[in-house]
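A structural walkthrough
What follows is the residue order along each chain.
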Amino acid sequence: MKKITISLITVLFFFQLTYLENIHAQNPETDTGSSRLEWFGEAKLGIFIHWGIYGVNGIDESWSFFNALISYEDYMKQLDGFTAKNYKPEEWAKLIKESGARYSVITSKHHDGVALWDSRFSDLNVVKKTPAGRDLLEPFVESLRKEKIKVGLYYSLLDWSFPDYPNFTRAEKRYENDSLRWEKFVRFNLGQIEELMDNYKPDLIWFDGDWEQSAKKWHAKQIRELLLQKNPNVIINSRLQGYGDYATPEQGLPIYEPEKKYWELCMTMNDSWGYQGNDKNYKTPYQIIRIFADVISLGGNLLLDIGPKPDGTIPEEQTHILKELGKWTKKHEQAIFGTKAGIPREYFDGPSTLSADGKTLYLFVTGKPNGPIMLKGLKNKINSIYVVGSGIKLAHDIKMKAWWSKTPGLVFIDVPDDVLDGYITVIALSLADGEIDLFK
Ligand code: GLC
C-alpha cells in the first residue's frame, strides 16, 4: 500500500513538473525577461529603417507586387537601380544618435525576400543582385555600436520570393499542402535567422509577417530558443506568434496604457515605410514630439521610421525631423529616458512621466497656457518646481486645501511665456516624502 502511495506521489510530482514546464514553454510571457528587457524599457526612442529596392520606383515595400499593383518581374527590375552609392553608414548612425534614439532597427529582409547582406542561403540579396554589390548591414551595425546605439534587425518570417514558400501573391499560391517543400522553407528561414545572429550579433530581432502561418509551422518556439541560445540577452518583438517579448502596436497611438509592460509603437513619418518621393504627408516635428510625449506618458517606446533613398541618402524632410526631435530630446533628456509611465489624466490634463524612483514628476505642457497649470490629488509636499532644460524655478500656489479634509489642495503652477519651449515645455516637480502618492 505504502509503495503504491509513494509511486503515485512520484508520478503526480513529475506530471506537475512537466505540466509547469509546458506552460512555461508555451507562454514565454511567464519568462518576464525583466533584466533582459531593462535597457529596452529605458530606451524610449528607436529609429526604424526601411531600406530596400522598393525605393527605386518609390512604391510600397513588397506589398505592391503581392497586391498586383505591379508585376513581380517589374518589381524585381528595381534591383538594377539599387546602388547605395552615397551610403554613409557612419552618418546615419550619427544622425540617429543626434535624434536621441537609443536603438535602431533596420530591415535586413522585407517580405520581398531581398536581403541586405550576402546570405549563404539565397542569392536574392543586394550583394549578388544589385549594383550596391556589398554587405550593407555590416558597416551600419558597426557604426551603431560606435555610437553606443543598440542594434536591431527586422526580419520578415514570410518570404514571398522564396520558391518553396507557399504564398506568392494575394491571388497566387505556389502550393496548398506540401510538407516537404514547407520543410525546405523552414530550413532556409532558420538558416538565415542563424546567419543574422552569427554575423551581426543583434541586441534585438524584430520579426514581421508572422500572421501568415501558425507558431507551430514557423517553429516559433525553436526560433526563440535559437535566438536566446545565440545571445541570452537578445530581445524579440511580439510578431512571433506568441513567442516574443514585447507588444508592437503599429500606426495607432494607444489611448490607455497597454496591458503588456513593455511595448513599442512603430510609426512612419509620412504614410510610407520605405522611400516614396511623392508622399509628402509628413507629420510635423511638433506632431511627432506630441505623439512621442503620449507614448512615454503611457510607458512605451516610439520606433520612428525613416526610408532612405536607394542611393543611401536620407530624404531632407526626414533628416529635418530627426534633428528637431534631437534638440527637444536633448533638452528634456531627464524627463524622457529611464522614466516610467506618468500619472492618469484625471490628475493632470496632459502627458507626464515619472523618474525611475518615482520622486520626480514631469508634466508636459502642450501649448501656451493662459494661466497657471493645475495638478490635482497630489498628497506629497513639493520640494521645488523647475523647467526642465533651463532649471528656472517656478512659483506655485495651493488652493482649496481645507484643514479638515483629506483631499489634497489644487496645485497651480505659473508657467510664464518666457520659459516656454518651442515645442513642448516640461516642468519637473521634485516631491518630498518619498514616491509620488496620489489621492483617490
Ligand atoms: C507591416 C507591413 C510592413 C511593414 C511593417 C512595419 O507589418 O507588412 O510592410 O514593414 O508593418 O511595422
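Per chain, residues are indexed from 1 in the order of the written sequence. At least 70 in pLDDT is required for a residue's local features to be given in this predicted model, at least 80 for side-chain atom pairs to be given and counted, and no such filter applies to totals for whole chains, interfaces and linings, which use all residues. Excluding hydrogens and water, the side-chain figures rest on all heavy atoms present in the structure.

1. A few points about the environment of Leu 227
Relative to the helices and strands, Leu 227 resides in helix α11 (residues 220-230). Taking the C-alpha atoms as reference, Leu 227 lies 33 Å from Gln 276; in sequence the two are 49 residues apart. Those residues in contact with Leu 227, other than ones at most four positions away along the chain, are Ile 193, Met 197, Ile 205, Phe 207, Val 234 and Ile 236. Strands are runs of DSSP state E lasting at least two residues, helices are runs of H or I lasting at least four, and both sets are numbered from the N terminus onward. Here a residue-residue contact requires only that any non-hydrogen atoms of the pair lie within 4.5 Å.

2. A few points about the sheet that holds strand β12 (residues 382-387)
Sheet strands pair via backbone hydrogen bonds, and the direction of the pair is either parallel or antiparallel. Strand pairing is assigned whenever DSSP detects at least two bridges linking the two strands. Spatial ordering of the open sheet is given by β8-β9-β10-β15-β12, a layout of 5 strands whose pairing is antiparallel. On the outer flanks of this sheet lie β8 (340-341) and β12, each paired with one strand and no other. Where β8 meets strand β9 (residues 352-354), 2 bridges bridge the pair, whose relative direction is antiparallel. Each residue of the ladder has a partner; that of Lys 340, found in β9, is Leu 354.

3. A word on the side chain of Thr 360
With respect to the helices and strands, the residue Thr 360 is situated in strand β10 (residues 360-366). Once residues lying within four places of it in the same chain are set aside, the contact partners of Thr 360 are Thr 353, Leu 354, Ser 355, Ala 428 and Leu 429.

4. Topic: the pattern of salt bridges
By definition here, a salt bridge exists when the distance from a side-chain nitrogen of Lys or Arg to a carboxyl oxygen of Asp or Glu is within 4 Å. Under the counting rule described, the total for this entry stands at 25 salt bridges. Between Asp 164 and Arg 181 there is a salt bridge; the shortest N-O distance is 2.9 Å. Pair noted here: Asp 164 is in the loop between β3 (150-156) and α9 (179-200) and Arg 181 is in helix α9, with a separation of 17 residues, a long-range link. Burial classification: accessible surface area is computed with a 1.4 Å probe over protein chains only, and a residue below 20% of its type maximum counts as buried, one above 50% as exposed, and the rest as partly exposed. For Asp 164, a relative accessible area of 10% corresponds to the buried category.

5. Looking at the site of the ligand
Note on terminology: near, applied to a residue and a molecule or strand, indicates that one of the residue's heavy atoms is within 4 Å of it. Of all residues adjacent to the ligand, which total 14 residues, the nearest are His 50, Glu 61, Trp 63, His 110 and His 111. A 3.5 Å cut-off defines polar contacts: any pair of N or O atoms within that distance qualifies, except that in protein one atom must be a possible hydrogen donor and the other a possible acceptor, and neighbouring residues in sequence count only when both atoms are side-chain atoms. A distance of 2.5 Å separates an oxygen atom of the ligand from a polar side-chain atom of His 50. Asp 208 is positioned with one of its side-chain polar atoms (N or O) 3.0 Å from an oxygen atom of the ligand. Computed with a 1.4 Å probe, the accessible areas rest on the Shrake-Rupley method; for each residue, only the protein chains presented here act as cover. Here the ligand has 300 Å² of accessible area as a free molecule, and 94% of this is covered by the chains. Split into classes, the residues belonging to the shell around the ligand amount to 7 nonpolar, 3 polar and 4 charged. Just so you know the grouping, Ala, Val, Leu, Ile, Met, Phe, Trp, Tyr, Cys and Pro go in nonpolar, Asp, Glu, Lys and Arg go in charged, and all remaining residues, Gly too, go in polar.

6. Side note on the environment of Ile 291
Position of Ile 291 relative to the elements: it lies in helix α12 (residues 285-297). Overall, the relative accessible area of 18% leaves Ile 291 in the buried class. Residues Ile 291 and Leu 265 lie 26 residues apart in sequence; the distance between their C-alpha atoms is 10.0 Å. Setting aside anything within four residues of it in sequence, one finds Ile 291 in contact with Leu 253, Leu 265, Met 267 and Lys 283.

7. Quick word on the sheet that holds strand β14 (residues 410-413)
The 3 strands are arranged β11-β14-β13 in an open sheet whose pairing can be described as antiparallel. Here the strands that pair on one side only, and so sit at the sheet edges, are β11 (373-375) and β13 (396-399). Each strand axis lies, on average, 25° off the axis of its neighbour in the sheet, ignoring direction. As paired elements, β11 and β14 share 3 bridges and run antiparallel to each other. Within β14, the position partnered with Leu 375 by the bridge is Val 411. In this analysis, axes come from line fits to C-alpha atoms, helices being fitted only over the stretch in contact, and the angle between any two N-to-C directions falls in the range 0 to 180 degrees.

8. Looking at the nonpolar core
Of all hydrophobic cores here, the largest spans 97 residues; its most connected members are Ile 49, Trp 51, Leu 136, Phe 207, Leu 227, Leu 304 and Phe 364. Among the elements that take part in this core, α9 stands out by supplying 9 residues, more than any other. Domain start and end points were adopted from an automatic or database domain assignment. Both domains that meet at this core, namely domain 1 (2-331) and domain 2 (340-431), each give it at least three residues. Excluding its chain neighbours within four sequence positions, the residues that come into contact with Phe 207 are Tyr 155, Leu 157, Ile 193, Ile 223, Leu 227, Ile 236, Asn 237, Arg 239 and Leu 240. Counting residues in each nonpolar core, the second largest holds 23 residues, with Ile 343, Leu 354, Val 415 and Val 419 among its members. Each nonpolar core is a collection of buried residues, namely Ala, Val, Leu, Ile, Met, Phe, Trp, Tyr and Cys, held together in the definition by side-chain atoms within 4.5 Å.

9. Observations regarding the domain arrangement of the protein
Domain boundaries in the protein define domain 1 (2-331) and domain 2 (340-431). Computed from C-alpha coordinates alone, the two centres of domain 1 and domain 2 are separated by 38 Å. Facing the 14 residues of domain 1 at the interface are 16 residues of domain 2. What gets called buried area is simply the loss in accessible area from a 1.4 Å probe that two parts show on being joined, summed for both. When residues of domain 1 are sorted by the area they lose upon contact with domain 2, Ser 297, Trp 328 and Lys 331 head the list and together hold 44% of the total.

10. With respect to the packing of helix α6 (residues 89-99) against helix α8 (residues 137-146)
Relative orientation of the contacting elements α6 and α8 amounts to 40°, with a least axis distance of 8 Å. Classified by the angle their axes make, α6 and α8 are oblique. The chirality of how α6 crosses α8 is right-handed. Of the residues in α8, those in contact with Pro 89, Glu 90, Trp 92, Ala 93 and Ile 96 of α6 are Pro 139, Phe 140, Ser 143 and Leu 144. The class makeup of the residues in the contact of α6 with α8 is 7 nonpolar, 1 polar and 1 charged. In these notes the angle categories are as follows: under 35 degrees is roughly parallel, over 145 is roughly antiparallel, 65 to 115 is roughly perpendicular, and the rest is oblique. Note on convention: the crossing is left-handed when the near helix lies turned anticlockwise from the far helix by less than a right angle, right-handed when the turn is clockwise.

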